[in-house]
Amino acid sequence: MTCRRAAATALAAVLAVIALFGLHTASAAQLTLRGAHHLLTSATPCTTTALTAAPGSTSSGRSTTIVFGNVPASCSGTALTLRMYAPDGTPTATTDTAGTATTGSLTVTVPSYATSAIAGAALTLNGWSVPVTWKAPASAATGPVTPGAGTTFTDLTWSQISSSGTQACFSVQVSGAAGTTWRVDLHLDQRPFNGIATADGFQVHSPWYGQVLGSPSNNVLSIGGRTGSSTLAAGEVLTVTVCHYNLPAPQYDASLSYGQTTGAVTGTANYACMTTTVSVSGSPQFYAGWRADIDLRPLADFIRAQGGSTANLRFSAPGNYTLVQQSGTVYRVTPTGWDTWGVRDGSPQSVQVCGQP
């Protein structure tokens, strides 16, 4: 009986230690410690201070390494095990990654993973769970075109980008491990797709067996292979080319930085005009929509100064625009045609607004 009480006391002590220094990630409760390489191999942990963890070198939103920071000298040379977790707490692999700790910055090689799919990591050093603070990548690949699970992108290029913002083509080299089901995801809520809600109009030019995979789901439309041609062979690299020639017109985007300048009024007492130029910063590749709120008081003042009447002054914006009064003498210009819709970094749009008694 005494031996049983001693064994129970020892087991309780071990469980207490594990609980005290347990895995400090949102999903740590799901890490099962089992097998010989999870046995505690020292009387105390080499550190109880949280280590930082982040994806290593990233390409097209994927990485094959995790970099740990703040590893103290006391942990150098200790055996480590690592497991990564998805946002829902599910482990992203069925087995742990093993290695040896080093002081300072520690890079651990792991199977290829999408950086956006990781929300935390569980780490043991010398058999002890060590708290980890996960740092998500600052700019994981989010679109407008991204690789499907297990798929890698290289040489993504765009063409047929018209100033109307209503057509676009892209070509990308797609590769992956043998047997990978290749897929290319189009994020339709982003430029240049401009919020299109249907798969109609998308043309897969290559490979010849490529196709649109059903309808959009959560603003994502996928491109893949037909039955019998949906997986990659060892060393295979596909050139995937997709076009659309009738996309919705781009819309004004409040998240972009717009600028506008208005020139001097020119004309006569019977008809005078002034030109406003609208520029944008933050959309260097694809055309965005735009609008301009313009105070037309200088136009009215000019006509009055020239001896014209402003009692029934009429304003207009010749061309493919609408002109709607906002308040007082402030009017909003909105583009309405293929030649006026788009604006991007380095490609401004100019509109002329005129007034006549």
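Keep in mind that what you see is a predicted model, and the values were worked out from it rather than measured. (Residues numbered from 1 in each chain as written. Predicted model: local features only at pLDDT ≥ 70, side-chain atom pairs only at ≥ 80, totals over all residues. Heavy atoms only, no water.)

> Requested: an account of the overall build of the protein, with residues and values cited.
Per the secondary structure count, the protein includes two helices and 25 strands. Counting across all 357 residues of the protein, residues that qualify as buried make up 40%. Carbon together with sulfur atoms contributes 52% to the accessible area of the protein, which is approximately 17600 Å² in total. (Helix = DSSP H or I, 4+ residues; strand = E, 2+ residues; numbered from the N terminus. Buried < 20%, exposed > 50% of the residue type's maximum accessible area, 1.4 Å probe, protein only. Areas by Shrake-Rupley, 256 points an atom, 1.4 Å probe, with all protein chains shown as cover.)

> Account for the sheet that holds strand β23 (residues 321–327), naming residues and giving values.
Remark on secondary structure: sheet strands pair via backbone hydrogen bonds, oriented parallel or antiparallel. Pairing in this open sheet of three strands is antiparallel, and the strands run β21-β24-β23 from one edge to the other. Two strands in the sheet have a free side with no partner beyond their single neighbour: β21 (292–295) and β23. Between one strand and the next, the sheet's axes are offset by a mean angle of 30 degrees, whatever the strand orientation. Where β23 meets strand β24 (residues 330–335), six bridges bridge the pair, whose relative direction is antiparallel. Paired with Leu 323 across the strands is Val 333, a residue of β24. (Pairing = 2+ DSSP bridges. Axes fitted to C-alpha atoms, helices over the stretch in contact; angles between N-to-C directions.)

> Mind laying out the pattern of salt bridges, listing which residues take part and the relevant values?
Pairing between side chains becomes possible if they bear opposite charge and their charged atoms approach one another. Per the counting criterion, the structure on display carries five salt bridges. Arg 332 is paired through a salt bridge with Asp 293; the nearest N and O atoms lie 2.7 Å apart. With Arg 332 in strand β24 and Asp 293 in strand β21, the pair connects residues that are 39 residues apart, well separated along the chain. Look at Arg 332 and you get partly exposed, because its relative accessible area is 22%. (Salt bridge = Lys/Arg side-chain N within 4 Å of Asp/Glu carboxyl O.)

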